[in-house]
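Structural overview for review
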Amino acid sequence: MSGPKDEALKRRAEKVIPNGMYGHQTVRNLPEGYPQFFVRAEGARLWDADGREFVDFMCAYGPNLFGYRNETIDAAYVAQLSEIDAATGPSPLIVDLAEAFVQQIGHADWAMFCKNGTDATSMALMTARAHAGKRKIVFAKGAYHGSAPWGTPAPAGTVEDDRAHFMYCAYNDARSLEAACAEAGDDLAGVFAAPFKHDVLVAQEAPDPAYARRARELCDAKDALLVVDDIRAGFRMSRDCSWAELGVAPDLSCWGKAIANGHPISALVGSDRARTAAGEIFATGSFWFQAAPMAASLATLKLIKETDYLERAIALGERLRAGLAEAASRRGVRLEQTGPPQTPLIMVCDEKGDLDPKAGYAFGTELAARGVYFHPWHNMFISAAMTEADIDHAVSAADDAMAAIRETAAAG
Ligand code: PMP
């Protein structure tokens, strides 16, 4: 059970919010004891409605890169609010920010700003189709690209026609990518790619450079656009587009979550090849031109450029991984730790190596009771505001949590 205030809020929410909560932040799919509501966030920590404190390994599901309430970024946001924010036209900051993105991201010649990741991926889809007037899009099966009818994993409220022109391949499998592109024939508009395989509930996989290069070649051969969806991983793998590390430049990349450290803004950036098509689609929103999130994003980009946040996050992630591996082997628990250390997916397996959801949920409950917020089936995030002491606290809590789940297993 979460605390009494959280439980009372859940009961009120059930009356006025369908199912009490919706989307990725509902705790209905999380272990027992996870609070739904939080009243304070600072640095690497969260406090729930009952005042319980957590070291937060979810980072708002990605946006928290430099710590909650980062002083520099929030000061830029607040200062801009006292000048102009949402208004009849954008402020000059939109030009500054587009220039900053073009400078920061190797393949980018232009940028457009929106609010959520789904806005950016939907614009990428439309731009790919507008580019040469073609329809088919290839995705890796199981990859998430947003909650619009064309992308949502739940079929309710969608029709098959929403995905009528979609083809699927297996991530990192160049042969199946070729087959999907061949199936699209002369109608191939674009190929969507996750920067690495970061699907829920399955081991994460680094991108195979040969797969990435083949995606580039196939798009070139068919005058289709290659889209990297960097919404979740953007600026967590690299200070450039994640696939820049592989030497592969997409035509479009989608950005969101961390680009303003939690302030609401996302972006579609592209190369000159995609510029005309991006200028043809009609895409807009009442809040897309807000100046304050742009000021926050400029401040975030400056920190991305000038600090060692990325190297710190990787080092902290490696410390967590090593500490958990040591505790797990000592406790006789099989932990599957995959993905880049700064965005780890940590799942509990049974003796055969298969996912053990019951043990994974019990592990989550025990960790939450010890002030550590982990996720049992979604990749997590390390923020630059975490310290070695936070990591050590999490490892020590995990050690105790593993002892507790082993004891329960032995008793049951
Ligand atoms: N693409 C990826 C890879 C994502 O992880 C997400 C969000 N989890 C989205 C797109 C959609 O972003 P948003 O929820 O901001 O619309």
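For the structure, see preceding data.
Going along each chain's sequence as written, the residues are numbered from 1 onward. Note on the predicted model: pLDDT of at least 70 is required for a residue's local features to be given, and 80 or more for side-chain atom pairs to be given and counted; whole-chain, interface and lining totals, by contrast, use all residues. The basis for every side-chain value is the complete set of non-hydrogen atoms in the structure, without hydrogens or water.

**A short note on the sheet that holds strand S2 (residues 45-48)**
By the convention used here, strands pair only if DSSP detects at least 2 bridges between them. By the criteria applied, helices consist of DSSP H or I runs no shorter than four residues and strands consist of E runs no shorter than two, each listed in order from the N terminus. Strand order in the open sheet made by the four strands is S1-S2-S3-S13, with mixed pairing throughout. Of all the strands in the sheet, the pair left with one neighbour each is strand S1 (38-42) and strand S13 (372-373). In the sheet, S2 pairs with strand S3 (residues 53-56) via three bridges, with the strands oriented antiparallel. Looking across to S3, one finds that Trp-47 is bridged to Glu-53.

**Regarding the side chain of Asp-48**
Among the secondary structure elements, Asp-48 is positioned in strand S2. A polar atom in the side chain of Asp-48 sits 2.8 Å from the backbone nitrogen of Asp-50. Only 2.8 Å separates the side chain of Asp-48 from the backbone nitrogen of Arg-52, close enough to count as a polar contact. We call two residues in contact when some of their heavy atoms are within 4.5 Å. Excluding residues that lie within four positions of it along the chain, Asp-48 makes contacts with Pro-35, Phe-37, Phe-38, Val-39 and Phe-54. Two N or O atoms count as a polar contact when they lie within 3.5 Å, although within protein this holds only if one can serve as hydrogen donor and the other as acceptor, and sequence-adjacent residues are included solely when both atoms are side-chain atoms.

**As for helix H10 (residues 357-369)**
End to end, H10 covers 18 Å across 13 residues, agreeing with the expected 18 Å (1.5 Å per residue, within 8%). Buried residues in H10 make contact with S3, strand S11 (334-338), strand S12 (345-349), S13 and helix H11 (388-411). Immediately downstream of H10, the backbone of Gly-371 shows phi near 80°, a positive value. Here, expected helix span is obtained from the residue count minus one, scaled by 1.5 Å.

**Brief notes about the site of the ligand**
Neighbouring residues of the ligand: Asn-116, Gly-117, Thr-118, Tyr-144, His-145, Gly-146, His-198, Asp-229, Ile-231, Arg-232 and Lys-257. A distance of 2.6 Å separates an oxygen atom of the ligand from a polar atom in the side chain of Thr-118. In the model, a nitrogen atom of the ligand is placed 3.3 Å from a nitrogen or oxygen of the Lys-257 side chain. Relative to its unbound accessible area of 390 Å², the ligand is 87% covered by the protein chains. Each residue is tested against the molecule or strand, and it is near if at least one of its non-hydrogen atoms lies within 4 Å. Where accessible areas are quoted, they stem from the Shrake-Rupley method and a 1.4 Å probe; at the residue level, only the protein chains shown are allowed to cover.

**Re the sheet that holds strand S9 (residues 252-255)**
Reading across from one edge, S4-S10-S9-S8-S7-S5-S6 is the order of the seven strands in this open sheet, with mixed pairing throughout. Since the sheet does not close on itself, it has two edges, and those belong to strand S4 (110-114) and strand S6 (166-169), each with one partner. Taken over all neighbouring pairs, the strand axes of this sheet differ in orientation by 20° on average, direction set aside. Where strand S8 (residues 225-229) meets S9, three bridges bridge the pair, whose relative direction is parallel. Bridge pairing in S9 links Val-228 to Ser-253. Orientation is described by axes fitted as lines to C-alpha atoms, over the contacting stretch for helices, and by angles from 0 to 180 degrees between their N-to-C directions. Sheet strands in contact with helix H4 (residues 117-132) are S4, strand S5 (136-140), S6, strand S7 (188-193), S8, S9 and strand S10 (266-270), and its direction is about 25° off that of S10. Helix-sheet contacts for helix H5 (residues 174-184) involve S5, S6 and S7, and the interaxial angle to S6 is about 165°.

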